[in-house]
Amino acid sequence: MRTVAVTKIGSLRDPDESTRGRIGVVDFPEQPLGPEDVRIRVAYAAICGSDPHLAEGFFGTDVPIGLGHELSGVVEALGKRATRNGLRVGDRVAGNFLRFCGTCRPCQEGKQQFCENIQEYNRPGMAETVTWHESQVYKLPDDVPLLKGCLLEPTSVAVRIADKTNIKVGDRVAICGGGPIGQLALQVLKMHGATSLTLIEPIADRREMALRHGAEHVIDPVAEDQQARADEITGGRGYDVVVDASGSPRAVRGLLDIAAKGATVVYGAMYPETFEMPLNLSDYLYLKELTLTGVFVSPYAFPRALQILPHLDVDELTRAVFPLENAVEAFEAHVSGAHPKVVIRCNELEAVSS
């Protein structure tokens, strides 16, 4: 089974070819179909911003490391007992790459994101097929094509970010980072009644994209005074909700200064393991009473993500599509930043399944 994988540990952005990380298409054995499993013939698998971190060894260094967790496809086979949620062979589906065990204490306490056994189950989906437990698989609505369906997982992250903000209708909202998660979070928070909705992003094309999809304001943090612009937009009060979707150590510290008193600041990206952010507790937690929180994964968010996916405009996130055999070029395009999102077509399925 052809699978996109990390074949050499190292940064994909390293200018030195001898130490640069490497992506390749390798043969993995097809995963076994258990009695409660669903085998999916993968149509599309999108590249996530976290995938280059796997190349850097963030989750281990034994190569090859299979990639891919944002995917859609068609049910190819069902285990004998994989019928409890009504799935059938031929259904168009997407899903959650994580399988929560349901038996550990965090799962029993309603905190699946801390499941003690999720690291035991890693089945990469940037491949010809993937086999997941039935509990991970969701049938796509009829009006959601497979290409759009591969964004169910990042949409679930945007939903979880919204959950963590505790947003109220009319709250002033700023989002830092105009990549896929920032763009999706912008649309989701707009649905929640966000006002003064602002995207902070140095790339002009991504600022313009945000304006097309609901942002009222944009800030270029390189060319503009971020604090002054935030004061201008909010009348000096600051934002009630601030979301970081950039993962940039250069960006995250300044977000505390544009937060209003009593605001919630959500760090919704993956950060370098060794990065530590200085924090003046007196200024930000005592005098401003900020609530600071983060997002790891998105339990309990997939059913709602499935509900809103038909209402999201994601065409600009699914325009750059590469065939599986050109996965190396796809990752080069991703790293270049030339596209807001890059998708790999693993099989030609759209025509036969629509």
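Predicted model, so just to flag it, every value in this text is computed and none were measured.

A. Molecular detail of helix α7 (residues 226–234). Listing the buried residues of α7 in full gives Q226, R229, A230, I233 and T234. Along the axis of α7, the buried residues cluster in a sector spanning 120°; they form a single face. Contacts made by the buried residues of α7 are with β9 (172–176), β10 (195–200), β11 (217–219) and β12 (239–244). N-capping of α7 is provided by D225, with a side-chain oxygen placed 3.1 Å from the backbone N of Q227. Immediately beyond the C-terminal end of α7, within one or two residues, lies G235, with a positive phi of roughly 65°.

B. Local environment of the pairing of strand β5 (residues 70–78). Burial runs high along β5: seven of the nine residues are buried. Inspection of the sheet shows strand β3 (residues 37–46) paired to β5 by eight bridges, in the antiparallel sense. For R41, the partnering residue across the bridge sits in β5 and is V74.

C. Region of the structure containing the pairing of strand β1 (residues 2–8). Note that β1 and strand β2 (residues 22–27) share six bridges and pair antiparallel. Each residue of the ladder has a partner; that of R2, found in β2, is D27. With two bridges joining them, β1 and strand β4 (residues 65–66) adopt antiparallel strand pairing. Along β4, the bridge assignment pairs V6 with I65.

D. Broad picture of the packing of aromatic side chains. Tallied over the full model, the rule gives two aromatic pairs. With a centroid separation of 5.7 Å and an interplanar angle of 10°, the aromatic rings of Y138 and F302 are classed as stacked. Here Y138, found in strand β8 (residues 137–139), pairs with F302, found in helix α10 (residues 302–308); they are 164 residues apart in sequence, far enough to count as distant. The interplanar angle of 75° and the centroid separation of 6.2 Å between the aromatic rings of Y267 and Y271 together place this pair among those described as edge-to-face. Classification of Y267 by relative accessible area gives buried; the value is 13%.

E. Quick look at the pattern of salt bridges. All chains considered together, the criterion is met by 19 salt bridges. Two residues, R81 and E36, come together in a salt bridge whose shortest N-O distance is 3.6 Å. With R81 in the loop between β5 and β6 (92–95) and E36 in the loop between β2 and β3, this pair connects stretches of sequence that are 45 residues apart. The exposure class of R81 is partly exposed, given its relative accessible area of 46%. One salt bridge connects K341 with E70, and the closest N-O pair in it is separated by 2.7 Å. Note that K341 is positioned in the loop between α11 (327–336) and β16 (342–345) and E70 in strand β5, a separation of 271 residues in sequence. On the basis of relative accessible area, K341 is assigned to the buried category, the value being 4%.

What counts as what
- Residues numbered from 1 in each chain as written.
- Predicted model: local features only at pLDDT ≥ 70, side-chain atom pairs only at ≥ 80, totals over all residues.
- Heavy atoms only, no water.
- Buried < 20%, exposed > 50% of the residue type's maximum accessible area, 1.4 Å probe, protein only.
- Helix = DSSP H or I, 4+ residues; strand = E, 2+ residues; numbered from the N terminus.
- Arc of directions from axis to C-beta.
- Contact = heavy atoms within 4.5 Å.
- Polar contact = N/O pair within 3.5 Å; in protein donor to acceptor, adjacent residues only side chain to side chain.
- Pairing = 2+ DSSP bridges.
- Phe/Tyr/Trp six-rings, centres within 6.5 Å; stacked < 30°, edge-to-face > 60°.
- Salt bridge = Lys/Arg side-chain N within 4 Å of Asp/Glu carboxyl O.

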